[in-house]
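Breakdown of the fold
What follows is each chain in one-letter form.
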Amino acid sequence: GANVTTYVDLNLPYATQFCYRVQGTSSTFTNSPFSNVACNTTPAAPDTTAPNVAITTPSSSGTFSTTSASVTIGGTASDNVGVTSVTWANDRGGSGTATGTTSWSATVALQTGVNNITVMASDAAGNKKSAVIAVTYTLPQLNAPSGLTLSAVSSKTLEWSWMDNSEGESSQILEWRQSSPPRSGQIVLAANVDTYRQTGMQAGKTVCGTVKAAIGS
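Let us look at the structure shown here. (Residues numbered from 1 in each chain as written. Predicted model: local features only at pLDDT ≥ 70, side-chain atom pairs only at ≥ 80, totals over all residues. Heavy atoms only, no water.)

Before going further, it helps to examine the overall build of the chain. Within the chain one finds zero helices and 18 strands. Taking 17 Å as the expected radius of gyration for a compact globule of 217 residues, we find that the chain reaches 36 Å, considerably beyond that expectation. For the chain, the C-alpha atoms occupy an extent of roughly 130 × 35 × 20 Å along the three principal directions. In the chain, the proportion of contacts linking residues at least 24 apart, taken out of those at least 6 apart, comes to 57%. Element-wise, carbon and sulfur atoms account for 51% of the exposed surface of the chain, whose accessible area totals about 13300 Å². Each charge class in the chain was averaged separately, 10 positive and 11 negative side chains, and the resulting centres sit 14 Å apart. (Helix = DSSP H or I, 4+ residues; strand = E, 2+ residues; numbered from the N terminus. Rg over C-alpha atoms; globule rule 2.2 N^0.38 Å. Contact = heavy atoms within 4.5 Å. Areas by Shrake-Rupley, 256 points an atom, 1.4 Å probe, with all protein chains shown as cover. Lys, Arg positive; Asp, Glu negative; His and termini not counted. Charge placed at Lys NZ, Arg CZ, Asp CG, Glu CD.)

Given below as structure tokens:
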């Protein structure tokens, strides 16, 4: 129409350049010269493609069993534009961001029983895709230490020694007692320890004790 100064061209294809020029026309079909040419390119199509994500470690089958209190999971992710992050969440508690994107890994703490760990890959457009692995954590079978011995290093220092027969324990617990005057105590040591030097004892006293492997304190 007359005196129009704007125009909107709808339903154009994505990522395509269009050029326009304007010419005025009178009611008697007298045309003005054309204006200058103006060009612009329509935006690229929005990204609606979700990334791909796969869990390959510790198993690609979707299930895994362990006697360790944590598991390291890892895998790959890809996207038509780019993966921006890979996150994980355990339905038994805990979540975080994996290290890496196209190749990623994360260490996840476990609770006894089945832990369903969901890994989510995301891209810049907010598209997401997930993969799940069910990790079953069973407490390890602990065996009693053997060969416990006790020797005097000095009048007030004793050395305990034993053989650790367990794997997967979180600590070794040494319990000791002195008969007269009565004294006793419990010493929590690191896992896989098999010796301990005990100081501050009373000279000339009889001391007995036992040691055990433990999970937790």
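Back to the write-up after that little detour.
So, about unusual backbone geometry. Omega for the peptide link from Thr57 to Pro58 comes to 5°, which places this bond in the cis form. With respect to the element layout, Pro58 can be found in the loop between strand 5 (52-57) and strand 6 (63-66). Of note, the bond from Ser180 into Pro181 is cis; its omega dihedral lies within 30 degrees of zero at -10°. Examined against the element boundaries, Pro181 turns out to sit in the loop between strand 15 (171-178) and strand 16 (183-190). Within the chain, Ala15 stands out as a residue other than glycine whose phi angle is a positive 50°.

Next up on the list: the nonpolar core. Of all hydrophobic cores here, the largest spans 20 residues; its most connected members are Ile73, Val86, Trp104, Ile117 and Val119. Secondary-structure elements contributing two or more residues to this core are strand 5, strand 7 (70-78), strand 8 (83-90), strand 10 (103-109), strand 11 (113-123) and strand 12 (128-137). Per-element tally for this core: the top contributor is strand 12, with four residues. Beyond its immediate stretch of four places on either side in the chain, Ile117 contacts Val71, Ile73, Trp88, Ala89, Asn90, Val108, Leu110, Ala131, Val132, Ile133 and Val135. Trp160, Trp162, Ile187 and Leu189 belong to the second largest nonpolar core, which has ten residues in total. (Core = buried A, V, L, I, M, F, W, Y, C linked by side-chain atoms within 4.5 Å. Buried < 20%, exposed > 50% of the residue type's maximum accessible area, 1.4 Å probe, protein only.)

Glancing now at the state of the cysteines. Summed over the entire model, instances satisfying the criterion amount to one disulfide. A sulfur-sulfur separation of 1.9 Å characterises the disulfide bridge that pairs Cys19 with Cys39. Residues Cys19 and Cys39 share a disulfide whose torsion about the S-S bond is about 110°; that sign makes it right-handed. A residue pair is termed long-range when its members are at least 10 positions apart, and Cys19 in strand 1 (residues 17-20) and Cys39 in strand 4 (residues 38-41) qualify at 20 residues. On the basis of relative accessibility, which here comes to 43%, the residue Cys19 falls in the partly exposed class. In this structure Cys39 comes out as partly exposed when scored by relative accessible area, which is 42%. (Disulfide = S-S within 2.5 Å.)

Below, the discussion takes up the pairing of strand 7. Across five bridges, the pairing between strand 5 and strand 7 is antiparallel. Within strand 7, the residue paired with Ile55 across the bridge is Gly75. (Pairing = 2+ DSSP bridges.)

Attention now moves to the layout of surface pockets. Of the voids in this model, the largest pocket is the one considered here, and its volume is about 550 Å³. If you list the elements that add at least two residues to the lining of the largest pocket, you get strand 2 (23-25) and strand 3 (31-34). For the lining of the largest pocket, the element with the most residues is strand 2, which contributes three residues. Considered class by class, the residues forming the lining of the largest pocket number nine nonpolar, ten polar and two charged. (1 Å grid on protein atoms, 1.4 Å probe; cavity = no way out; pocket = protein on both sides within 12 Å on 5 of 7 lines; lining within 4 Å. Points joined across faces, edges and corners; volume = space filled by probe spheres on them. Nonpolar A, V, L, I, M, F, W, Y, C, P; charged D, E, K, R; others polar.)

Moving on: the pattern of salt bridges. Overall, the coordinates contain two salt bridges when judged by the stated rule. A salt bridge links Glu175 to Lys212; the nearest nitrogen and oxygen atoms lie 3.9 Å apart. You can see Glu175 sitting in strand 15 and its partner Lys212 sitting in strand 18 (residues 207-214), a full 37 residues away along the chain. (Salt bridge = Lys/Arg side-chain N within 4 Å of Asp/Glu carboxyl O.)

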